[in-house]
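Each chain is listed here by its residues.
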Amino acid sequence: MTAVTVAGLMLGGALAGCGGATSAPTASAPTASPPPTATAPASPSPSPSPPPKKPPTMAPGPAGRTPVFERRSATGGAAEKVVALTFDADMTADQGPRAKAGERFDNPELIALLRRLKVPSTVFMTGRWAEEYPAQAQGIGTDDLFEVANHSYSHHAFTRDCYGLPVVAKEAMADDVERAFSAFRQAGVRNVVPYFRFPGGCYDDAALQALTPANVTAVQWDVVSGDAFATDAGAVAAQVLDGVRPGSLVVLHCTRSAAPVTAEAIGRIVPELRKRGYRFVKVSELMKDSASVEGHTS
């Protein structure tokens, strides 16, 4: 499995006003004063746009430890047939030369398919991916169909023995997360949520403590798609369809070089889940009822 394993919305309102001038009276022989000229009332300024809603998060654990969200729980509305599809846009800090040589870590065809199918989704993006593909990052991050969450800057591991990934030092973990958020801002990504997915899904108590200053909710999953390095789209689709339950959170990838059949699998998954009565939501909607989350903090 590849690493699995994005902050605020910026809205503004324009104000408009108008005014008029009146003439000074002239001194002359007494004459009947003309009736006062009615002055049109000033046009009201348009109402400002409402402030963006704050994305839901889980309450911190003991000593402010980063909380972990995995799926909507059975006691909090999981009977509703909703499912969140999440896509990890992976790129490690040292893969720039491979990208320049032609390796594709993006997947614009997948994003276009999600738009055509009108599937709300959460993209967990690395900062390095946003730097390599800034136009695509901006396009995803300004489209209300999507929300962008953080998948670290470097895509290095936050624990040892995590699929062979290089390891981020504990004291550098929060800075790595903030560096990714900074890369999103530089790319013009607007729809950012304060969620974080550990590279490789690997974490421990020390990592949860180290991320306390980042003020994020860690997001895992309960359904593994198996799309990483897969070559059989049918097998990926079957694994997802077999695993999804009401309230599920599915992990997939948005990286052509590491997950080449994901778009084809999505073309099978989405119609079938809709046929079964499921509605697709972003992670923020899945998490919106803080009393209906299933996760842990250690």
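Scroll up to find the structure this text is about.
Quick look at the structure, then.

## Considering the packing of aromatic side chains
Stage number 1. Evaluation of the coordinates by the stated rule reveals six aromatic pairs.
Stage number 2. Ring geometry for tryptophan 129 versus tyrosine 133: centroids 5.2 Å apart, planes at 55 degrees, classification tilted.
Stage number 3. Since its relative accessible area comes to 1%, tryptophan 129 is described here as buried.
Stage number 4. Its relative accessible area of 9% is what places tyrosine 133 among the buried residues.
Stage number 5. For the ring pair phenylalanine 198 and tyrosine 203, a centre distance of 5.2 Å and an interplane angle of 20 degrees mean the geometry is stacked.
Stage number 6. Residue classification places tyrosine 203 among the partly exposed positions, given a relative accessible area of 21%.
Stage number 7. Here a set of aromatic residues connected by ring pairs shows up, and it is made of Phe158, Phe196, Phe198 and Tyr203.
Stage number 8. Across from the ring centre of tyrosine 153, 3.8 Å away, lies the NZ or CZ of arginine 179, which sits over that ring.
Stage number 9. Residue placement shows arginine 197 over the ring face of phenylalanine 124; its charged tip is 4.1 Å from the ring centre.

## Section: the pattern of salt bridges
Stage number 1. Scanning the entire structure with this criterion turns up 16 salt bridges.
Stage number 2. In this structure, aspartate 88 and arginine 197 form a salt bridge, with 2.8 Å as the shortest nitrogen-oxygen distance. In this pair, aspartate 88 is assigned in strand E2 (residues 82-89) and arginine 197 in the loop between strand E5 (192-196) and helix H6 (205-210), connecting sequence segments 109 residues apart. Per residue, the accessibility class of aspartate 88 equals that of arginine 197, and both read buried.

## Here we look at the nonpolar core
Stage number 1. Formed by 62 residues in total, the largest nonpolar core has its most connected members in Leu85, Met125, Trp129, Phe158, Phe184 and Ile266.
Stage number 2. Looking at this core, the element that brings in the most residues is helix H5 (residues 173-187), giving seven residues.
Stage number 3. Residue contacts for phenylalanine 158: discarding those within four places in its chain leaves Ser152, Val168, Met173, Asp176, Val177, Phe196, Phe198, Pro199, Cys202, Asp204, Ala207 and Leu211.

## With respect to the environment of phenylalanine 146
Stage number 1. You can see phenylalanine 146 is positioned in strand E4 (residues 146-150).
Stage number 2. Among the residues examined, phenylalanine 146 registers a relative accessible area of 1% and is labelled buried.
Stage number 3. Between the C-alpha atom of phenylalanine 146 and that of valine 123, which follows or precedes it by 23 residues, the distance is 7.1 Å.

## Brief notes about the packing of helix H2 (residues 108-117) against helix H8 (residues 262-275)
Stage number 1. The contact between H2 and H8 brings their axes to 9 Å, and the two run at 20 degrees. Between H2 and H8, the crossing angle belongs to the class labelled roughly parallel. Handedness of the H2/H8 crossing: right-handed. Contact with H2, carried on its side by Leu110, Leu113, Leu114 and Leu117, involves Thr262, Ala263, Ile266, Gly267, Val270 and Arg274 of H8 and no other residues of that element.
Stage number 2. Across the contact of H2 with H8, the residue classes tally to seven nonpolar, two polar and one charged.

What counts as what
- Residues numbered from 1 in each chain as written.
- Predicted model: local features only at pLDDT ≥ 70, side-chain atom pairs only at ≥ 80, totals over all residues.
- Heavy atoms only, no water.
- Phe/Tyr/Trp six-rings, centres within 6.5 Å; stacked < 30°, edge-to-face > 60°.
- Buried < 20%, exposed > 50% of the residue type's maximum accessible area, 1.4 Å probe, protein only.
- Lys NZ or Arg CZ within 6 Å of the ring centre and 35° of its normal.
- Salt bridge = Lys/Arg side-chain N within 4 Å of Asp/Glu carboxyl O.
- Helix = DSSP H or I, 4+ residues; strand = E, 2+ residues; numbered from the N terminus.
- Core = buried A, V, L, I, M, F, W, Y, C linked by side-chain atoms within 4.5 Å.
- Contact = heavy atoms within 4.5 Å.
- Axes fitted to C-alpha atoms, helices over the stretch in contact; angles between N-to-C directions.
- Parallel < 35°, antiparallel > 145°, perpendicular 65-115°, else oblique.
- Left-handed = near helix turned anticlockwise from the far one by under 90°.
- Nonpolar A, V, L, I, M, F, W, Y, C, P; charged D, E, K, R; others polar.

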